[in-house]
Amino acid sequence: MTGSSEVLHQTPSLSSQGALVLEAWKALGSDVGSSEVPWRQDLTQDFARGWPSAREEAWKYSPIAKLQESSLRPLADELRFELPEGVQACRMSAASGVVLDRVRDLMKISPAHRFNALAWLSDPWVVFVPRGVSPQAPLRVHAPRGEVNAWSCAGWLLVVDEDARLNVVEQYGAQVGALSWGTRMFLGSGSRVEHLRMQGAGVEAWGFAESIALVSENAHYVQVQVSTGGKMCREDADVRLQGGGGQAHLDATFMARNEQVLDHRTSIEHEVGDTQSHQLYKGLLADRSRGIFNGRVLIRRDAIGANAAQLSQNLLLSPTAEINTKPELQIDADDVKAAHGAAVGQLDKEHLFYLRSRGISEAKAKEVLLLGFALEALRGLQDAELMRVGRAWIETEANVLLTERDTSLGAEASRTSGSAT
Amino acid sequence: MSAAAAEKPVLLEVTDLHVNVQDKPVLKGLNLVVRAGEVHAIMGPNGSGKSTLSKVIAGHPDYEIVSGRIRFEINFQMRDLLELEPDQRAKEGVFLAFQYPIEVPGVSNRSFLRTSYNAICKHQGTEALSDAAFDQYLKSKMALVEMDEKFLDRGVNVGFSGGEKKRNEILQMAVLSPRLALLDETDSGLDIDALRIVANGVNKLKSRHNAIVMVTHYQRLLDYITPDFVHVLADGKIVETGDNSLALKLEEKGYDWLL
């Protein structure tokens, strides 16, 4: 990485990819009223300044220099919904009244970086769950699948009114090219959203996804992120606890292989007291893949009695796999609870022995342990359908991780005591 | 006892066993014969090698067998147990109840028990049970250790109290019905109620076809499960063997008179 930093730091000149993005941003961005998207101007400037440098903390571990060499044409793309009963949808430009107010609150927030901003190139869909509505079936959201030489861009908004409940299954990831994908939601007081996000991009595809959730008083937001695809995919999750009694679970499993890079950034802000956040990020990394977890927790000055817990657990399945995990706790209030921890390791040989002592073969024991490790991320889900879908996805991917390679993990533990001398 | 005992088939035979842990000798010439239908208690001061013995028999990878042998009856023949992987030993009927049962997050107790049971069934040539039939079977076993069904859908041992973990070990033993059960300090960390439940479970699982080897530091467990033999393990060897009265003597006099 050091060898190339000089090249990356030369005076910014607009690469062809940068020019394509800027051009598209200028052309398509004009669709969206500037009152709803106040940060648009800043981003135009960002793009005009050139490609982000790998020396920036935000891109330290991601090979975006390679993306700069591509020439993907930004495309304001369409997503597809399966709306459950009682749930409404309209374009942002058609939103009005209280829904529009919430949309404005959501769109005020600047994206974490310019590639996420692309998700908001055109007039996004807004889904609205009226007060007290609680559909049985989940809302299913299918992102665009990508096109050759295209950078697909799409985003959507969700406004959940007071005491409503919604379960969301989002499936995204370009099969080819790149995808910028945006999901922003507002949870009214007393509402509950369970949000399963499954990122399954193609092996050569790039992905940039943001999710933002504003959580009101006594509302409960559960996000489960499952990331498995892509050449390089980055996720930025941003949760703001804005009302007392608000809670968030932000859990994830990411599984990488070959030379994949899966980059996860989370930010949880406890804006007021009596709020809770729980985070469990689980990484499974094989071959020469790399995982990144950067978890920021901010407890604001007045957030007395806030409670934040963060845990990053990672299994390295090969000696050449890498994980960079970094908690960032900023606590400005007294009388709060904040805990964080990070662990990196291989399958525990005591665990393996325990399973083997129950007649389970070594290969099966590894499978059981890996799967168990990955499935823990589903702990916050109550909805049986989300649980089923998430579980099936994880099982399939864990199988790929195990069967495509002869895992060297736990080789130590396979030595038996039978070696009499 | 000897005439009747001699007719019972030998299940386990440990001969002049020397074992090192990190190059340090822990077992130094241990001999032990266990026959079907017997209950043995292995007692001894801390650090005498009690836990090492049970782990070595189960096949824990951290121990180096320097010399000696462990043979186990498989299909009416004494076979070298050290040649078998830990899971193969379990499939042949060896079971270790752990002193410190391992927590396995993300794997439900139910699916763990089923995977384990089916692996052993497959090896023994019997048909695996359907999920419903297994649940039924499991229910009957849970009654033995007075365990609530809610423990089945939790992660293995995750969030269990010390006593619940030990009960879970005995539940696994009940489900797998081993021919040789090694109970490693199963009584440690148990209150008197939990001890009674665990001991009751073990007593109900006792038969003339299986054997139980209890490794324990205290005489307490032996009030509930009466051993046929009590062995004192000291400095890597069995230095004294007797019947249950030996345990009472140890309780009264300690170990010093033997060392």
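Note that this is a predicted model, so its numbers are computed, not measured.

(A) How the structure looks around the overall build of chain A. The secondary structure content of chain A amounts to nine helices and 19 strands. By residue count, 52% of the 421 residues in chain A fall in the buried class. Contacts in chain A between residues far apart in sequence, at least 24 positions, make up 85% of those at least 6 positions apart.

(B) Representation of the overall build of chain B in the model. If you tally the helices and strands in chain B, you get eight helices and twelve strands. Projected onto its principal axes, the C-alpha positions of chain B cover 55 × 40 × 40 Å. Split into buried and exposed, the 259 residues of chain B put 46% on the buried side. Put simply, 73% of the contacts in chain B that link residues at least 6 apart link residues at least 24 apart.

(C) Highlighting the sheet that holds strand 2 (residues 24–35) of chain B. Residues and elements named next belong to chain B. Ordered in space as 2-1-4-5, the four strands form an open sheet in which the pairing is antiparallel. Of all strands in the sheet, those with a lone pairing partner are strand 2 and strand 5 (77–80), marking the two edges. Across this sheet, the average inter-strand angle for adjacent strands is 15°, counted without regard to direction. Here four bridges tie strand 4 (residues 64–74) to strand 5, and the two strands are oriented antiparallel to one another. Directly across from Phe 72, in strand 5, lies its bridge partner Arg 79.

(D) Expanded view of the pairing of strand 11 (residues 229–234) of chain B. Residues and elements named next belong to chain B. Counting buried residues along strand 11, five of its six residues qualify, which places the element largely inside the surrounding structure. Where strand 3 (residues 39–43) lies against strand 11, four bridges are found, and the strand directions are parallel. By the bridge assignment for strand 11, Ala 41 is matched with Val 230. Pairing geometry for strand 11 and strand 12 (residues 237–242), over five bridges, is antiparallel. In the strand pairing of strand 12, Leu 233 is matched with Ile 238. Here strand 11 folds back onto strand 12 in antiparallel fashion, the turn holding two residues, of which Asp 235 has a positive phi close to 50°.

(E) Here's a closer look at the nonpolar core. Ranked by size, the top nonpolar core spans 194 residues in total, and within it Val 160, Leu 187 and Ala 374 of chain A together with Phe 95 and Leu 182 of chain B carry the most contacts. Discounting residues that sit within four places of it in the chain, Leu 187 of chain A has contacts with Val 160, Val 193, Ala 213, Leu 214, Val 215, Ser 216, Ala 219 and Tyr 221 of chain A.

(F) Broad picture of the environment of Glu 23 of chain A. As for its position among the elements, Glu 23 of chain A is in helix 2 (residues 16–28). Residues Glu 23 of chain A and Gln 310 of chain A, spaced 287 residues apart in sequence, show a C-alpha to C-alpha distance of 40 Å.

(G) How the structure looks around the confidence of the model for chain A. All names here are of chain A. Mean pLDDT for chain A: 88, with 90% of residues reaching 70 or above. Overall, residues 1–12 carries pLDDT values under 50, and its contacts beyond four positions in sequence, including any with other chains, amount to twelve contacts. In this model residues 408–421 is a low-confidence stretch, pLDDT under 50, and it forms 35 contacts with partners more than four residues away in sequence or in other chains.

(H) Looking closely at unusual backbone geometry. Residue and element names in this part refer to chain B. One non-glycine residue, Phe 76, lies in positive phi territory at about 65°. Topologically, Phe 76 is positioned in the loop between strand 4 and strand 5. Assessed through the 6 C-beta atoms surrounding it within 10 Å, Phe 76 is described here as exposed.

(I) Up close: the interface of chain A and chain B. Counting from both sides, the interface comprises 26 residues of chain A and, opposite them, 29 residues of chain B. Breaking the side of chain A that touches chain B down by element, the ones donating at least two residues are helix 7 (349–356) and helix 8 (362–375) of chain A.

(J) Representation of the pairing of strand 6 (residues 94–97) of chain B. Residue and element names in this part refer to chain B. Covered by surrounding structure in strand 6 are Val 94 and Leu 96 together with Phe 95 and Ala 97, the residues of both alternating faces. Relative to strand 9 (residues 180–184), strand 6 runs parallel, the two being bridged by four bridges. Of the residues in strand 9, the one forming a bridge with Ala 97 is Leu 183.

(K) The arrangement of the packing of helix 8 of chain A against helix 9 (residues 384–403) of chain A in detail. Residues and elements named next belong to chain A. It is at 10 Å that the axes of helix 8 and helix 9 come closest, and there the two elements cross at 140°. Judged by the inter-axis angle, helix 8 sits oblique to helix 9. Considering how the two elements wind past one another, helix 8 and helix 9 form a crossing that is right-handed. On helix 9, the residues touching Glu 367, Leu 370, Leu 371, Ala 374 and Leu 375 of helix 8 are Arg 391, Ile 394, Glu 395, Ala 398 and Leu 402. Here the residues of the contact of helix 8 with helix 9 sort into seven nonpolar, no polar and three charged.

(L) Expanded view of helix 7 of chain A. The element helix 7 of chain A is largely enclosed, with a buried count of six among its eight residues. Within the sequence span of helix 7 of chain A, burial applies to His 351, Leu 352, Phe 353, Tyr 354, Leu 355 and Arg 356 of chain A. Of the surrounding secondary structure, the elements contacted by the buried residues of helix 7 of chain A are helix 8 of chain A together with helix 3 (86–91) and strand 7 (104–108) of chain B.

(M) Expanded view of the sheet that holds strand 9 (residues 192–199) of chain A. All names here are of chain A. Ordered by their spatial adjacency, nine strands build an open sheet running 2-5-7-9-11-13-15-17-19, and the pairing between neighbours is mixed. The open sheet terminates on both sides in strands that have one partner only, identified here as strand 2 (80–82) and strand 19 (337–345). In this sheet, adjacent strand axes meet at a mean angle of 10° when their direction is disregarded. In this sheet, strand 5 (residues 139–142) lies alongside strand 2 in antiparallel orientation, the contact comprising three bridges.

Calculation notes
- Residues numbered from 1 in each chain as written.
- Chains lettered and ligands numbered in written order.
- Predicted model: local features only at pLDDT ≥ 70, side-chain atom pairs only at ≥ 80, totals over all residues.
- Helix = DSSP H or I, 4+ residues; strand = E, 2+ residues; numbered from the N terminus.
- Buried ≥ 20, exposed ≤ 12 C-beta atoms within 10 Å, placed from the backbone.
- Contact = placed C-beta atoms within 7 Å.
- Pairing = 2+ DSSP bridges.
- Axes fitted to C-alpha atoms, helices over the stretch in contact; angles between N-to-C directions.
- Core = buried A, V, L, I, M, F, W, Y, C linked by C-beta atoms within 7 Å.
- pLDDT = per-residue confidence, 0-100.
- Parallel < 35°, antiparallel > 145°, perpendicular 65-115°, else oblique.
- Left-handed = near helix turned anticlockwise from the far one by under 90°.
- Nonpolar A, V, L, I, M, F, W, Y, C, P; charged D, E, K, R; others polar.

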